[in-house]
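# Remarks on the overall topology
Chain by chain, the residues:
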Amino acid sequence: MSLGFSSSLVPTILSSYLSAYEDRDTEMGLMLPAVNVNKFDVLISPILILIRKNLIVTIHAENVKRMIRLSRYADAFMRKIKPNLIQEDKLSIILTRIIDENNNQNFEHLRALEAQGDELSKNLLDPMASRGIIAPEIHNMKHALISYLDTLWATLDVVNSLRHGDAELITDNPKLLARIGILADDVNRHISLSEHMSEVLASGLEVLQSIYNNQLQILNNRLAFVMTWLTILGTAVLVPNTLATILSNPVFALGPGDRVWYSVLLFVSTIFATWAAYWWVKKKSLLPIKVD
């Protein structure tokens, strides 16, 4: 209010989500998202831009450092603005430069997300990589991209509002409006890049799921292999055990003299039962040919 702005301007802007555009003829208020990426954490802070007849004010948190670089060469930038321009043209030139600086800093963080995506792709190449590690990282990466895309769409809304809103404080000069159009094109291009990265991550999730399905199939094959051989061995033991149980009955009255042919019978029955069980399992294609 001490700078000449109405008391309700800032609360109205802050009531919006991520971005805002408020035109009140004699004053304007904008809110743009400022992005900071720390691995998979996307921190979004608001930048308020208040505009009146001959004044532009930016308000932001202390962790938003992106205006420092612009302030370093602000004098040289201001000297390039022709003094014979009308007030609306001057305000539009400065406002466009502030928005462009914020956008460029936001775009820099897309590179950080791309670097994290490259690390994930390396982990996906390892077939022994733990699912408990890779899957959450892919989810966090995708969530970070979605949050980043939200900021880009929010920025695009403000830029389009400036371009087509026909505000009294904004220029009507086609050349200067074309600069705002260039800002919109830059944001659209980075939206396309972010969506492409999201598609790549989605395909990575599909590949990861295929890897895990393949590992489960290999495990199932091994279990089937073990169970098949246990069936064969169980049959091989069951037949001679049944014969031994039957012949041990007192009805047959076997004595020490029957030791030789009794042993031969048990041995032959074991071999025959093993072969018969193996032949039947193989004929039914129940025996896995190869386990990988």
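Data block above holds the structure.
Below, the structure is looked at part by part. Bear in mind the structure is a predicted one, so any value in this text is a computation, not a measurement. (Residues numbered from 1 in each chain as written. Predicted model: local features only at pLDDT ≥ 70, side-chain atom pairs only at ≥ 80, totals over all residues. Heavy atoms only, no water.)

This part is about the pairing of strand β3 (residues 41-52). For strand β2 (residues 28-38) and β3, the ladder comprises eleven bridges, and the chain directions are antiparallel. Opposite A34, over in β3, you have S45 as the bridge partner. With antiparallel pairing between neighbouring strands as the criterion, β2 and β3 make up a hairpin whose turn holds two residues, including K39 at a positive phi of roughly 60 degrees. Summarising the sheet, β3 and strand β4 (residues 55-60) pair through six bridges and their orientation is antiparallel. Each residue of the ladder has a partner; that of R52, found in β4, is L55. (Pairing = 2+ DSSP bridges. Helix = DSSP H or I, 4+ residues; strand = E, 2+ residues; numbered from the N terminus.)

Pairing is antiparallel in the open sheet, where four strands are placed in the order β1-β2-β3-β4. Of all the strands in the sheet, the pair left with one neighbour each is β1 (20-23) and β4. Neighbour-to-neighbour, the strand axes of this sheet turn through a mean angle of 20 degrees, independent of strand direction. (Axes fitted to C-alpha atoms, helices over the stretch in contact; angles between N-to-C directions.)

The next subject is the layout of surface pockets. Reported here for the largest pocket is a volume of approximately 200 Å³. Every residue lining the largest pocket is listed: I56, V57, T58, M67, L70, S71, A74, F77, M78, I94, R97 and I98. Within the residue set of the lining of the largest pocket, elements represented by two or more residues are β4, α2 (66-72), α3 (74-79) and α4 (87-124). Split into classes, the residues belonging to the lining of the largest pocket amount to nine nonpolar, two polar and one charged. (1 Å grid on protein atoms, 1.4 Å probe; cavity = no way out; pocket = protein on both sides within 12 Å on 5 of 7 lines; lining within 4 Å. Points joined across faces, edges and corners; volume = space filled by probe spheres on them. Nonpolar A, V, L, I, M, F, W, Y, C, P; charged D, E, K, R; others polar.)

It is worth spelling out the nonpolar core at this point. If you look at the biggest cluster of nonpolar residues, it comprises 49 residues, and the most contacted ones within it are I49, I51 and L95. Secondary structure elements with two or more residues in this core: β2, β3, α2, α4, α5 (131-164) and α6 (174-247). With twelve residues, the top contributor of residues to this core is α5. Every residue in contact with L95, bar those within four places of it in the chain, is listed here: L30, I49, I51, I56, L162 and I170. Grouped together as the second largest cluster of nonpolar side chains are eight residues, L9, I13, M31 and L48 included. (Core = buried A, V, L, I, M, F, W, Y, C linked by side-chain atoms within 4.5 Å. Buried < 20%, exposed > 50% of the residue type's maximum accessible area, 1.4 Å probe, protein only. Contact = heavy atoms within 4.5 Å.)

Under the definition given, this model contains five salt bridges. With its nearest N and O atoms 3.8 Å apart, the salt bridge here joins E27 to R24. Accessibility expressed as a relative area gives 25% for R24, which makes it partly exposed. For E101, the salt bridge identified is with R97, shortest N-O distance 3.1 Å. Of this pair, E101 and R97 both sit in helix α4, four residues apart, roughly one helical turn. With a relative accessible area of 1%, E101 lands in the buried category. Overlapping salt bridges, with partners in common, bring together E22, R24 and E27 in one network. (Salt bridge = Lys/Arg side-chain N within 4 Å of Asp/Glu carboxyl O.)

Among the surface-exposed residues, F225, V226, M227, W229, L230 and L233 lie close enough to one another that they form a single nonpolar patch of about 560 Å² accessible area. The class of L233 is partly exposed, set by a relative accessible area of 48%. (Patch = residues over 30% accessible without salt bridge, like charges linked within 9 Å, V, L, I, M, F, W, Y side chains within 5 Å. Areas by Shrake-Rupley, 256 points an atom, 1.4 Å probe, with all protein chains shown as cover.)

In this structure, L70 sits in helix α2. With a relative accessible area of 10%, L70 lands in the buried category. Setting aside residues up to four positions removed in sequence, L70 forms contacts with R97, I98 and E101.

Moving on to the pairing of β1. Relative to β2, β1 is paired through four bridges, and the arrangement is antiparallel. Following the sheet pairing, A20 is matched in β2 by M31. Connecting β1 to the next strand, β2, in antiparallel fashion are four residues, including D25 with a positive phi near 65 degrees.

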